[in-house]
Structure formats: C-alpha cells, structure tokens
Amino acid sequence: MDYQKLGVEILALSGGKQNVSKLTHCATRLRFEFNDSHAVQAEAIAKLPGVISVVDRGGQFQVVIGNDVQVTYRAILNEIGEMNSQRNAGNKQQKKGGIFTQIISVISTTFTPVIPAITGAGMIKALLAILKLTGLISADSTTYRLLDTISDAAFFFLPVLLAYGASIKFACNPILAMTIAGALLHPNLAQLLASGGPISFIGIPVRLADYAGSVLPIILTVWIMSYIERFAEKVSPSMITFFTKPMIVLLFTAPLALVVIGPFGIFLNDLVASGAAIIDGKASWLIPMLMGGLQPFLVITGTAWAMTPIATSQLTRNGFEMINGPGMLASNIAQGAATLCVAFKTKNKNLKQLASSAGFTALLGITEPSLYGVTLKLKKPLIAAMIGGGCAGIYAGLAGLVRYAFVSPGLAALPAFIGENPMNIVHALITCAI
C-alpha cells in the first residue's frame, strides 16, 4: 500500500490544502479541521484503498488509517506545509457544533501532540516496575532515580506540553503559551507556597497552587491568551509590534493565570476528581463497567478523550488512576478477542487477513482498525466485545484494579499494572481472561 499516494488523494478530496485549517494525528487517525466542511467528499475518502473508515465527530473530521497513519500524515504535511497545518483561517463556514462537541474537540486537539511523551514516560515507569520487581535494580540506586526522573518529567511538565497542544487549537503563539506554563511551574512559586505567608499581586490576594501535572488551568489560560494576543496585535504599532506584542501577552496573561484562571482551574479539577472518587467509593464497579462496555461507542462518537484529563490528574497526584485504564484494558482485549474469532471462523481470505492483523493490534491496545474494519461492520462481534468488556470491567472495579502509568492498555502494556499492590497485575490478567 502506497500511503504517501493515499495522503495526496485524501488531501485532494478534502478540498485541497487551502481548505485545511488544522491537521494532527494520533495512533491510527488523521484529525482534520476544515475552513469549509461542505467541500470535503467524505464518501469518496471512505472508499479509498487504505482508508479503514471516516468519522466526523467531536468537532473533527477523522480518517482512520491504522498503524501507518504517520506516513500518510507526513505526505499531507509535505503538500500543505508545516505552518499551514496549524493555522486557523477562521472561516465562518467551519462547523462549530454544540458546547459538548467543542469541549471534546479542545481536549482531543490539546492531548494529541502530548500522547507520545506521556506514553513513552509511562512505558519507562512500567519498565522500572519490572526491573524493581525482578531485583535487577534497586530503588535506592542513582540509576533508578535518574530513570524515575525521566519518567516523571512528562507528567511534572504536563502543563508545558499541553500549552503547545492548546495553542494549536486556539491558534495562538505556542512559545508564549509554553512560557506562561513555565511561569506556573517556576521554583519561585513553590518557595512562596512553602513559606505559608500571604501573597498578593498589586494588592490582590493570590491563592497559589501546585500546578505540576495539572490539566485544566493551562488549557483555560491559553484560551484566554488567544484573545489577549489578538488584542495585542491590534493595539501594537507595526514598527514595534515585535517587542510590544509578546510583552503585552505575558504581562496580562501570566498574572491572570496566577490570580484567577489557575486557582479556578484547580478548583474545577478537584471538583471533578472528587466526584469520580465518590462514585468509585459508592460503586467501584460502575466506571470500569461503563468504560469496558461502552468504549467502542466512545471511540465511534469521538468522545473517548473526555475522561483523559481526570485520568492524567489522578496519575500525577496519586501515582495511579482507575478512571480510564481498567475499563479500557477490558474493552481493548475484548475487542481484539472478538476480531481474532472472526479471523478464525471466516472463509473470506481478505477478511481473515484484515481481522488477524487488526485483532492482534487491538490486543496490544489500538482498537480502531479492529472496530471500523471488522466488528462494527459485522455487528454481532461488536455486541459480544461490549458484553465481554463490560463483564471484565465489573470484575476490574470490584477488585480495585488501577493503572500505574499512562499507556494504551493491552497485553504489551500489562507492566503498567505492576505497582505497590502485588495483586494488581493478577487482577489485570484475570480481567484480560474474562
């Protein structure tokens, strides 16, 4: 399959390079935002050889390619150019969608560029867990501490990474956004926080917080910054805009982040986390059951990212999370098993080849090729996978299964379930078996 040629064909059927407002990709999908959605030939794109499916959800036009998505992405990027892929033309014909759709779009676009960093860091954490468990490395050794620091870096500086993704979504300067995130994490703030004394800015009381690993404060801050940046462009004389624009952006946005936006974001973050904790305390099986059974539906509707901010917040604060990982493990394994059963039973050679490849990939944690290429089309395997995922999710919740690292749950990522509780990995294996 020539995926570079496929990229050129997708771009042509999408209305050409001038119609692309934003372009990103995840593990299996191209994620477009267009200036004019009416110019996109969705049905023609879906029929292209190499395209598994087309999904128009969550404020994005998504083309499911599979594991070779990066080759296709680079081909399109070569055609439209690096800057063009991230510009925001602001065309009024672009579909906005409802408030929930816009929120999902913000989360998805913000987290997509960050996934490689937190996934890589998560796998290093999983590797450390194995090395520590087998006695190959001591937790007191400097080697362990250095590797632990490397694995923690992506989560500690998560606001900086998210600032980049948010700047793409809100079409503002990524370097200034990352600089403001750096201000929230500056050691001086930690020292002021540790001192315990009253803190004020031009007489306004400031409630400092620990923003390491936080999610909502920086997303809200970059959103506000996008408006301040446009204001700075209007009021800055062209002769000195190079100096005045960044000064105005930093001078207004950073104090707002520290005084208002940051504390409000932390409050919202804590509120949502407390709600999740209450649900987990009253009915520990509920969230994993819903995630295990309904994950395919969340993927289809483009809302699979909705719980990611809560999960990453739990990982940063507690060292583990129970929102996404347990239910997704159940769902991914069920999806892979159902797809491999299709490969085993079918006499259609093309379907057998597709199901064998997609089923194995799903067992490793990437389910889109399996979902769109096999189970969704055949329906009964999808229903079976959702029932199996829901049942396994119930067990995972009742057993208190948690995930210790941010990785796509599957057989390859089982080390992410090794942690302080030695039985956790056993519960993970039983969840997979169910």
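The structure contained in this document is the topic of the report that follows. What you see is a predicted model, and the numbers here were worked out from it, not measured in a lab. (Residues numbered from 1 in each chain as written. Predicted model: local features only at pLDDT ≥ 70, side-chain atom pairs only at ≥ 80, totals over all residues. Heavy atoms only, no water.)

Here we come to the overall build of the protein chain. Helix and strand counts for the protein chain come out as 18 helices and six strands. The globule rule puts the C-alpha radius of gyration for 434 residues at 22 Å, and the 23 Å found for the protein chain is close to it. Overall, the protein chain is about 75 × 55 × 40 Å in size when its C-alpha atoms are taken along their principal axes. Each of the 434 residues in the protein chain was classed as buried or not, and the buried ones make up 49%. In the protein chain, the proportion of contacts linking residues at least 24 apart, taken out of those at least 6 apart, comes to 72%. Each charge class in the protein chain was averaged separately, 30 positive and 20 negative side chains, and the resulting centres sit 8 Å apart. (Helix = DSSP H or I, 4+ residues; strand = E, 2+ residues; numbered from the N terminus. Rg over C-alpha atoms; globule rule 2.2 N^0.38 Å. Buried < 20%, exposed > 50% of the residue type's maximum accessible area, 1.4 Å probe, protein only. Contact = heavy atoms within 4.5 Å. Lys, Arg positive; Asp, Glu negative; His and termini not counted. Charge placed at Lys NZ, Arg CZ, Asp CG, Glu CD.)

Moving on, we come to the sheet that holds strand β4 (residues 60-64). The four strands are arranged β1-β2-β4-β3 in an open sheet whose pairing can be described as antiparallel. Among the strands making up the open sheet, the edge pair consists of β1 (20-25) and β3 (53-57). On average, each strand axis in the sheet is inclined to that of its neighbour by 20°, with strand direction left out of account. As paired elements, β1 and strand β2 (residues 29-34) share five bridges and run antiparallel to each other. (Pairing = 2+ DSSP bridges. Axes fitted to C-alpha atoms, helices over the stretch in contact; angles between N-to-C directions.)

Attention now moves to the pairing of β2. One face of the sheet, then the other: side chains in a regular strand alternate in exactly this way. By the criterion of burial, β2 is predominantly enclosed, with six of the six residues buried. Taking every second residue as pointing to the same face, both faces of β2 are buried, with R29, R31 and E33 on one and L30, F32 and F34 on the other. Taking the residues between adjacent antiparallel strands as the criterion, β1 and β2 are bridged by three residues. Pairing of β2 with β4, which is carried by four bridges, proceeds in the antiparallel orientation. Paired with R31 across the bridge in β4 is Q62.

A few words now on helix α5 (residues 115-133). Relative to the 27 Å expected for 19 residues at 1.5 Å per residue, α5 spans 27 Å between its end C-alpha atoms, a close match to the ideal helical length. Within α5 the residues assigned to the buried category are I118, A121, G122, A126, L128 and A129. One side of α5 holds all its buried residues, which, seen down the axis, span an arc of 155°. On its buried side, α5 packs onto α6 (142-156) and α7 (158-170). One or two steps after α5, the chain reaches G135, where phi turns positive at roughly 80°. (Expected span 1.5 Å × (residues − 1). Arc of directions from axis to C-beta.)

Let us look at the packing of helix α14 (residues 325-345) against helix α18 (residues 424-433). In the contact formed by α14 and α18, the axes pass within 8 Å of each other and the chain directions differ by 35°. Relative to α18, α14 is oriented so that their crossing is right-handed. For the pair α14 and α18, the contacting residues are L329, A330 and I333 in the first and A428, T431 and C432 in the second. (Left-handed = near helix turned anticlockwise from the far one by under 90°.)

Moving on, we come to the side chain of T339. Here T339 is to be found in helix α14. With near-sequence residues (within four places) excluded, T339 lies in contact with A355, A358, G359, S370, V374 and T375.

If you walk through the whole model with that rule in mind, you get six aromatic pairs. Note on F320 and Y404: the rings are 6.4 Å apart at their centroids and 70° apart in plane angle, and the pair reads as edge-to-face. Of this pair, F320 sits in the loop between α13 (308-318) and α14 while Y404 sits in the loop between α17 (380-399) and α18, and the two are 84 residues apart along the sequence. Overall, the relative accessible area of 28% leaves F320 in the partly exposed class. By the ring-pair criterion, three or more aromatic residues cluster together here, those being F32, F34 and F61. For R230, the ring lying beneath its charged end belongs to Y227, and the centroid distance is 5.0 Å. (Phe/Tyr/Trp six-rings, centres within 6.5 Å; stacked < 30°, edge-to-face > 60°. Lys NZ or Arg CZ within 6 Å of the ring centre and 35° of its normal.)

On to the pattern of salt bridges, then. All told, the structure shown has seven salt bridges when counted by the stated rule. As a salt-bridge pair, R29 and E368 come within 3.5 Å of each other at their nearest N and O atoms. Of the two residues, R29 sits in strand β2 while E368 sits in helix α16 (residues 368-378), which places them 339 residues apart along the sequence. Considered together, R29 and E368 belong to a single accessibility category, that of buried residues. With its nearest N and O atoms 2.9 Å apart, the salt bridge here joins K245 to E233. Here K245, found in helix α11 (residues 241-282), pairs with E233, found in helix α10 (residues 216-235); they are 12 residues apart in sequence, far enough to count as distant. Assessed through its relative accessible area of 17%, K245 is described here as buried. For E233, a relative accessible area of 42% translates into the label partly exposed. Here the residues in one salt-bridge network are K125, D148 and D152, joined through shared partners. (Salt bridge = Lys/Arg side-chain N within 4 Å of Asp/Glu carboxyl O.)

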